[in-house]
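Structural description and commentary
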Amino acid sequence: MINKSINNCLILSIVLLFACCSGVKSQSVKSSDAQTSRPNIIVVMTDDMGYADVGFNGSKDIITPEIDKLANGGTICTSAYVAHSFCGPSRAALLTGRYPHEFGSQFNLPANSEESVGEGIPLSEKFLSSVLQESGYRTGVIGKWHLGAVEGYEPKDRGFDDFYGFLGGGHNYFPEDYVTKYNQQKAAGNKHIWEYLTPLQRNGVEVEEDEYLTDELSDDAVRFVSDSSKNDKPFFLYLAYNAPHTPLEAKEDDMQKFDHIKDKARRTYAAMVYAVDRGVGELVAALKATNQYDNTLIVFLSDNGGRTDQGANNYPLKGVKGDTYEGGFRVPMFFHWPNKIPAGKKFDYPVTALDFYPTFASIANAKIPQDKQLDGKNILNDLVKGENPRKGEMIFAMRHRNGFSDVGVREDEWKATKAYNSPWKLYNINKDMGETTDLSKQNPEQLKSMVLGAQMWSKKHTEPRWFDPESLREIWKEKKMGEFINTFKISN
Ligand code: CA
């Protein structure tokens, strides 16, 4: 009897020891998976930043030393595009991997859309964050959302474990200003307070702030990557800065760095960009301090072109935010990943933010649903080898205006542009980045083929689910804008 009990004890101990060892073993496999095979992924996105407003793209008056260090330690994409020339649709494309026109999200969600629209990016579109989350990534979004401000469409509903920021399309920067205004209006019984003034939130809970907005977002990015280092999972961080989007509001300390800039708007804008740069420096320091720097892919971009009437500079590109000229949707971009992506290189072939979805999913070894439609491609190997990922393939942009649509098409060295209801034009964009010399008469077949390509693409578009401004709803109907009656006519 005693012997039997000793035997049982012994067997139990062996079983426990075995369970314990195998537990340790499986944990160590997981840990090595997280730390070596699957990298962390960070997207740093600025808002309305011009092509020439970072040092690595040639800025002379704005200094961005931290961003430049990363850019020069990685590969700078000189022909990088976003899928739309303004905020909401560009972000929708990044996270869905599809042109926003294909699921009715070709307009910005209007301000306070929770009241007027009551929905967000259709739930039929599975976000990149969901795919990464399901594959075991810890996912976070910090900053501007702009993809749906109602229950069911918020970050937590779209594959993000962690959210800090604001749900609308923009925000004021100084809490002593916006909190005061918000409280005054609330006290006065205003139920429709402008979204730029609403308190920031963390996962649905309002938080009190006392710092300049850009600094709050940077601090939270540092918190997120530091917390993540204590976790076995790799992480995906989408850091969507509001800067340098209007309102132009900068800290005095940052402004003083740019005394040499005479124009007040440009000086303020420069200081706002510099605040982002300081933040990126802190983020990099946090990655290094937690030993995650080498295993983290950092991709930097702007969500669309800059507003030259609000301090931005898109030189040498023509056009501004909202245009289908290059200045509207060709943006500063780089990829930084030590020992994986070449350092000190420039990559001149066209890439697009639509490529992030398949590229990141592949890097993360994450499963994309079989029926998921994607408009971009995995560009990692081409980026590493310096090869063209889309020879003979086109990248599109379309922006709807009052009664007509602007279109931009990029294919290899060619750019076809229809802007402000004027005839289609064709440029050799490698030689003529500023779109100055129309070559359509010399190359009619090339233009025809690109316009046809855009027309075929437009057949995939669906009716807008919302309009911004709302007045476009009537014009859209009245002018039958969805039929593109004159959009693809070439008149020479
Ligand atoms: Ca924007």
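Residues numbered from 1 in each chain as written. Predicted model: local features only at pLDDT ≥ 70, side-chain atom pairs only at ≥ 80, totals over all residues. Heavy atoms only, no water.

Distances from the calcium ion to its protein donors, Asp47 (OD), Asp48 (OD), Cys87 (SG), Asp303 (OD), Asp303 (OD) and Asn304 (OD1), fall within 2.2 to 2.7 Å. One can describe the site at the calcium ion as irregular: its six donor atoms subtend angles covering 52 to 156° at the metal. Summarised as a motif, the one-chain spacing of the donors to the calcium ion is D-D-x38-C-x215-D-N. Here the residue cysteine 87 occupies a position in helix α3 (residues 87-96), and asparagine 304 occupies one in the loop between β9 (296-302) and α10 (326-329), the gap between them amounting to 217 residues. (Donors = N, O, S within 2.8 Å, 3.2 Å for Na, K, Ca; no water. Tetrahedral: all angles 85-135°; square planar, octahedral: opposite > 155°, others 65-115°. Helix = DSSP H or I, 4+ residues; strand = E, 2+ residues; numbered from the N terminus.)

For the chain, the assigned domains are domain 1 (38-385) and domain 2 (394-483). The C-alpha-based centres of domain 1 and domain 2 are spaced at 26 Å. Listed as interface residues are 38 residues of domain 1 and, on the opposing side, 35 residues of domain 2. When the two sides are added together, the surface that domain 1 and domain 2 hide from each other amounts to roughly 3100 Å², 57% of it contributed by carbon and sulfur. When residues of domain 1 are sorted by the area they lose upon contact with domain 2, His101, Phe107 and Thr324 head the list and together hold 24% of the total. Inspection of the domain 1/domain 2 interface yields five salt bridges. Here lysine 460 makes a salt bridge to glutamate 102, at a shortest N to O gap of 3.9 Å. Our count for the domain 1 to domain 2 interface comes out at 23 residue pairs in polar contact (both at pLDDT 80 or more). Contributing elements (two or more residues each) for the side of domain 1 that touches domain 2: α10 and β13 (351-352). (Domains from an automatic or database assignment. Contact = heavy atoms within 4.5 Å. Buried area = accessible area lost by both parts, 1.4 Å probe. Salt bridge = Lys/Arg side-chain N within 4 Å of Asp/Glu carboxyl O. Polar contact = N/O pair within 3.5 Å; in protein donor to acceptor, adjacent residues only side chain to side chain.)

Take the side chain of glutamate 326 next. Looking at the secondary structure, you find glutamate 326 in helix α10. At a separation of 2.7 Å, a polar atom in the side chain of glutamate 326 contacts the side chain of tyrosine 81. Filtering out sequence-adjacent residues up to four positions away, glutamate 326 remains in contact with Tyr81, Leu317, Lys318, Arg410, Lys415, Ile429, Met433 and Glu435.

For the rest of this paragraph, the subject is the sheet that holds strand β3 (residues 80-81). Taken together, the three strands give an open sheet; going across it, the order is β10-β3-β13, and neighbouring strands pair in mixed fashion. Edge positions in the open sheet fall to β10 (330-331) and β13, since each of these has one partner strand only. Sheet topology note: the β3/β13 ladder contains two bridges and is parallel. The residue bridging tyrosine 81 from the neighbouring strand is threonine 352, located in β13. (Pairing = 2+ DSSP bridges.)

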